[in-house]
Amino acid sequence: MQRHIEFERLHNFRDLGGYTAADGRTIAWGRLYRSDSLGKLRGSDWDRFLELGIRTVIDLRYPSEITARGAVPEPQRFTYANFSIEHRPYDQAAIDPAVDPWRYLADRFAEVATDGVEEIRRVFETVADSDGPTVFHCAAGKDRTGFIAAMLLSALDISEDQILADFALTELATAHLITEWKAANPNRELTWPGYGRAPATIMRLVLDDLTAAHESVSQYLTRQVGIDQKVIDRLRDQLLVTE
């Protein structure tokens, strides 16, 4: 099965199928996807997207980003939801180059984990209630999308090694993300070395921070975010299969 789904304008669209849970089941292929902004879809990319049979689209961006750059085309075709999990906007391109990029980004994830509990819970409930393939995305498919992917995989009891490996796959899209930024900002200079990067080190820090604060990622999800165990059970029933 294919992890990366090829598009002309999307550079970070991939299938979360195939990862193995602790009970030996695996995430079904073609059931759960993560992506960069679906507002870029058009032409043959749109046709390719429709071929995937996606029923639910979850947009993790700020409403202002959607207004400026567009939502998925024809959102009425899907169960469409906008849950902006980030509450403190920041400009990665403007960060001091001397700032430790991995600790800095892990600290931004910590803000999302604290501020976005309501939206994170609704993301989980929406995925659990979906009647078909689901995709969730932000702008680059890197940070907000990466955090939600890690939380969903954790709830599915996927090992930390697999979670870290999935997060780091965004590194394959880094050059494209930088190119897109430069095209959109011709009068600015990109100086922060962490822009567009997603090494496993960042997510390892995030998972360690959550474990230190909440005893485990699982406890964070159930106690802090308030995700009902029935929702997690539905997620597992929907997404995990025996090969």
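Thresholds applied
Position numbers for residues count from 1 along each chain, tracking the sequence in the order it is written. Per-residue local features are limited, in this predicted model, to residues with pLDDT of at least 70; the limit for side-chain atom pairs, both in listing and counting, is 80 or more; totals at the level of whole chains, interfaces and linings are taken over all residues. Note that water and hydrogens are dropped before the side-chain values are worked out from all heavy atoms of the structure. Strands here are runs of E lasting at least two residues and helices are runs of H or I lasting at least four, both read from the DSSP assignment and numbered beginning at the N terminus. Expected helix span is taken as 1.5 Å per residue step, with the number of steps being one fewer than the number of residues. To sort residues, take the accessible area from a 1.4 Å probe on protein chains only and compare it with the maximum for the residue type: under 20% means buried, over 50% means exposed, and anything in between is partly exposed. Two strands pair if DSSP finds at least two bridges between them. In what follows, a contact means two residues having at least one pair of non-hydrogen atoms within 4.5 Å. We define a nonpolar core as any set of buried Ala, Val, Leu, Ile, Met, Phe, Trp, Tyr and Cys residues linked to one another through side-chain atoms lying within 4.5 Å. Axis lines are fitted to C-alpha atoms, over the contacting stretch for helices. Their N-to-C directions set the angle, which ranges from 0 to 180 degrees. Convention used here: angles under 35 degrees read as roughly parallel, angles over 145 as roughly antiparallel, angles from 65 to 115 as roughly perpendicular, and any remaining angle as oblique. Helix crossings get a hand from a simple test, with the near helix turned counterclockwise from the far one by less than a right angle marking a left-handed crossing and a clockwise turn marking a right-handed one. Only Asp, Glu, Lys and Arg are considered charged, only Ala, Val, Leu, Ile, Met, Phe, Trp, Tyr, Cys and Pro nonpolar, and every remaining residue, Gly among them, polar. Neither His nor the chain ends is counted toward charge; the positive residues are Lys and Arg and the negative residues Asp and Glu. For salt bridges, the criterion is a side-chain nitrogen of Lys or Arg within 4 Å of an Asp or Glu carboxyl oxygen.

1. A look at helix H5 (residues 144–155)
Over its 12 residues, H5 runs 17 Å from end to end, which matches the ideal 16 Å to within 8%, given 1.5 Å per residue. Most of H5 sits out of view: 12 of its 12 residues are buried. Among the residues of H5, Arg144, Thr145, Gly146, Phe147, Ile148, Ala149, Ala150, Met151, Leu152, Leu153, Ser154 and Ala155 are the ones counted as buried.

2. Some details on the pairing of strand E5 (residues 79–82)
Here strand E4 (residues 56–59) pairs with E5 via four bridges, running parallel. Looking at E5, one finds that aspartate 59 is bridged to asparagine 82.

3. Observations concerning the environment of alanine 150
Structurally, the position occupied by alanine 150 is in helix H5. The class of alanine 150 is buried, set by a relative accessible area of 3%. Taking the C-alpha atoms as reference points, alanine 150 and glutamine 162, separated by 12 residues in sequence, lie 9.5 Å from one another. Here alanine 150 is in contact with Ile163 and Met203, once residues within four sequence places are set aside.

4. Details of the nonpolar core
Grouped together as the largest cluster of nonpolar side chains are 57 residues, with contacts concentrated most on Phe124, Phe147, Met151 and Tyr220. At the level of secondary structure, the elements contributing two or more residues to this core comprise helix H3 (101–115), helix H4 (117–129), H5, helix H6 (160–168), helix H8 (200–214), helix H9 (217–224) and helix H10 (229–239). Residues in contact with methionine 151, not counting those within four places in the same chain, are Phe124, Leu207, Leu210, Val217, Tyr220 and Leu221. Core analysis: the second largest hydrophobic core is formed by 15 residues, Tyr33, Trp46, Val57 and Phe78 among them.

5. Describing the packing of H5 against H6
The geometry of H5 relative to H6 is characterised by a closest axis approach of 10 Å and an angle of 160° between their N-to-C directions. In terms of orientation, H5 and H6 fall into the roughly antiparallel class. Once H5 is placed against H6, the crossing between them reads as right-handed. Between H5 and H6, the residues in contact are Gly146, Ala149, Ala150, Leu153 and Ser154 and Ile163, Asp166 and Phe167, respectively. The residue inventory of the contact of H5 with H6, partitioned by class, reads five nonpolar, two polar and one charged.

6. Let's talk about the side chain of glutamate 119
Secondary-structure assignment places glutamate 119 in helix H4. Of the side chains bearing the opposite charge, arginine 122 lies closest to the buried glutamate 119, which forms no salt bridge; the N-O distance is 6.5 Å. When near neighbours in sequence (up to four residues on either side) are disregarded, glutamate 119 contacts Phe83, Ser84, Ile85 and His87.

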